[in-house]
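Spelled out from the first residue to the last, the chains are:
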Amino acid sequence: MEIFRSISEIREKLRHPVVTIGNFDGVHLGHREIFKRLRQLSREIGGVSVVITFVPHPLKVVAAHKEVRLITTSREKEALIAGSGIDYLLEIPFDKAFASVPAAEFVEKVLVGTIGVERLVIGYDYAFGRGREGDVALLRQLGVRHGYTVEELEPISDGSTVYSSTAVRRMVSAGNVSCAASLLGRHFSISGKVVHGHERGRGLGFPTANIETEKDLLPSVGVYAVKVCMGDRLFDGACNIGPNPTFGNQHLSIEVFLLDFEGDLYGRELTLFFIERLRGEKRFSGLDELKEAIAADVARCREILGAAHPVPSESGGDWDCASPGTGRAD
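Only a predicted model underlies this, so the values are computations on that prediction, with no experimental measurement involved.

S.K.: Please clarify how the packing of aromatic side chains should be interpreted in this entry.
M.R.: What characterises a pair of aromatic rings is the spacing of the ring centres plus the angle enclosed by the ring planes. Under the criterion given, the structure shown has 11 aromatic pairs. For the pair F24 and F35, a centre-to-centre distance of 5.2 Å together with 55° between the ring planes defines the contact as tilted. Of the two residues, F24 sits in the loop between strand 2 (17–21) and helix 1 (29–44) while F35 sits in helix 1, which places them 11 residues apart along the sequence. A ring pair is formed by F54 and F98, whose centres lie 6.0 Å apart and whose planes are at 50°; its orientation type is tilted. Residue F54 is found in strand 3 (residues 48–55), and its partner F98 is found in helix 4 (residues 96–99); the two are separated by 44 residues along the sequence. Of the two residues examined, F54 and F98, each falls in the buried class.

S.K.: Hey, could you run me through the side chain of S84 in this one?
M.R.: Mapped onto the secondary structure, S84 falls in the loop between helix 3 (74–83) and strand 4 (88–93). Taking the relative accessible area as the measure of exposure, S84 reaches 1% and is therefore buried.

S.K.: It is not clear to me how the sheet that holds strand 3 should be interpreted in this structure. Could you clarify?
M.R.: Pairing between the strands of a sheet is mediated by backbone hydrogen bonds and can be parallel or antiparallel. Spatially, 1-4-3-2-5-6 is the arrangement adopted by the 6 strands of the open sheet, whose pairing is parallel. Edge positions in the sheet fall to strand 1 (2–4) and strand 6 (149–152), since each of these pairs with one other strand and no more. The mean inter-strand angle of the sheet, taken between neighbouring strand axes irrespective of direction, is 20°. In terms of strand pairing, strand 1 meets strand 4 through 3 bridges, oriented parallel. If you follow I3 over to strand 4, its bridge partner there is L89. In the packing of helix 3 onto the sheet, contacts are made with strand 1, strand 3 and strand 4, and the angle to strand 3 comes to roughly 170°. Of the strands in this sheet, strand 5 (119–122) and strand 6 touch helix 6 (residues 136–146), which is tilted by about 160° from strand 6.

S.K.: So what exactly am I meant to see when it comes to the environment of H146 here?
M.R.: Considering the arrangement of structural elements, one finds H146 in helix 6. Note on H146: relative accessible area 29%, which makes it partly exposed. Sequence separation of H146 and E118 is 28 residues, and the distance between their C-alpha atoms is 9.1 Å. Leaving out residues up to four positions away in the same chain, H146 has contacts with E108 and V112.

S.K.: Explain unusual backbone geometry to me, please; I cannot follow it from the model alone.
M.R.: The bulk of non-glycine residues show a negative phi, and the bulk of peptide bonds are trans. For the peptide bond that leads from V55 to P56, omega is -5°, which places it in the cis range. At V27, a residue that is not glycine, the phi angle is positive and equals roughly 45°. Looking at where V27 falls in the secondary structure, it is placed in the loop between strand 2 and helix 1.

S.K.: Can you walk me through the pairing of strand 9 (residues 222–230) in this structure?
M.R.: A regular strand places its side chains so that they alternate between the two faces of the sheet. Taken across its 9 residues, strand 9 has 9 buried, putting it largely inside the fold. Both faces of strand 9 are covered, namely the face carrying G222, Y224, V226, V228 and M230 and the face carrying V223, A225, K227 and C229. Where strand 9 folds back on strand 10 (residues 233–242), the antiparallel hairpin that results is connected by 2 residues, among which G231 adopts a positive phi of roughly 65°. Alignment of strand 9 against strand 12 (residues 269–279), held across 8 bridges, turns out to be antiparallel. Following the sheet pairing, A225 is matched in strand 12 by E276.

S.K.: Could you clarify how one ought to interpret the packing of helix 5 (residues 103–115) against helix 6 in this entry?
M.R.: Helix packing geometry: the angle between the two helix axes and the distance between the axes. The geometry of helix 5 relative to helix 6 is characterised by a closest axis approach of 11 Å and an angle of 45° between their N-to-C directions. On the basis of their axis angle, the class for helix 5 and helix 6 is oblique. Considering only the axes of helix 5 and helix 6, their crossing is right-handed. Across the interface between the two elements, A103, A104, V107, E108 and V112 of helix 5 pack against L138, L139, L142, R145 and H146 of helix 6. Looking at side-chain class alone, the contact of helix 5 with helix 6 contains 7 nonpolar, 1 polar and 2 charged residues.

S.K.: It is not clear to me how the pattern of salt bridges should be interpreted in this structure. Could you clarify?
M.R.: Side-chain pairs of opposite charge can arise whenever the charged atoms involved come near each other. Taken as a whole and assessed by the stated rule, the structure comprises 16 salt bridges. Between R5 and E91 there is a salt bridge, with the nearest N and O atoms lying 2.7 Å from each other. Of this pair, R5 sits in the loop between strand 1 and strand 2 while E91 is found in strand 4, placing the two residues 86 residues apart along the sequence. For E91, a relative accessible area of 7% corresponds to the buried category. Across the pair R69 and E67 runs a salt bridge, and its minimum N-O distance is 2.8 Å. Of the residues examined, R69 reaches a relative accessible area of 39% and is grouped as partly exposed.

Parameters at a glance
- Residues numbered from 1 in each chain as written.
- Predicted model: local features only at pLDDT ≥ 70, side-chain atom pairs only at ≥ 80, totals over all residues.
- Heavy atoms only, no water.
- Phe/Tyr/Trp six-rings, centres within 6.5 Å; stacked < 30°, edge-to-face > 60°.
- Helix = DSSP H or I, 4+ residues; strand = E, 2+ residues; numbered from the N terminus.
- Buried < 20%, exposed > 50% of the residue type's maximum accessible area, 1.4 Å probe, protein only.
- Pairing = 2+ DSSP bridges.
- Axes fitted to C-alpha atoms, helices over the stretch in contact; angles between N-to-C directions.
- Contact = heavy atoms within 4.5 Å.
- Parallel < 35°, antiparallel > 145°, perpendicular 65-115°, else oblique.
- Left-handed = near helix turned anticlockwise from the far one by under 90°.
- Nonpolar A, V, L, I, M, F, W, Y, C, P; charged D, E, K, R; others polar.
- Salt bridge = Lys/Arg side-chain N within 4 Å of Asp/Glu carboxyl O.

Here you go:
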């Protein structure tokens, strides 16, 4: 996949482009249906598939007063879109000036004038441009004028929940990582570097790796059974997210104990795939009670992870140590 990081990097119109526009945070199963349709149409007309997205996420600019925790980092999103078999990705730098551009101007200058769009595919209820005026009605009206067609996909769901980034964020924030996986088509993951912590786990007999991550969105505080990629190796693990109330800490930390591993992890890059939440975080009366709880958590993680399988989906989602933090897309 070729990535354009600004509109100006596109020197000439693309070959029979089939285009979609969106934020695509999380690259969930609904997004992948759009990408699948893009690939299908591009094959039919002998063209190329093009995804247009924005950096940073528009809500971080136009709704900066609201906290928006993104499901994927920019690197993860790029890898997932590439794994979906897309030919070109255009990442448009988004700021307040760009937010004020009328939708019709964007269509005429970017979609038609720069890319040469022939077919446009959009998700249901999607709109862009100043005041979200670029809805399906306007796009079709402009399509008649400029010679491209518009296809709006119906909502994609599992029968009860419509696939959406908002739904995934809500599930992950609540710690419901197993349900989030059914919308993502893969297990929610966090990648980061192992840094020095308080090293209390070592004294308790369960040495943990403290993870420093760029990820916006974290599961709620608690203990999780995780699969852990380190290089090309996969381990089972027990992860704790929280401030460690037994020790009176205030700072939120991500700590993972790798089952059946011995060695130095400092400076290593790990990717944690969240399989299931065991419990919330608790304050224990002392170290003995804490050690007993950790031992019980580890035993439960072994049980869960021993029976765990990659999320079954047509996209083949799995724990992909070859592409840290992404799982596998299409």
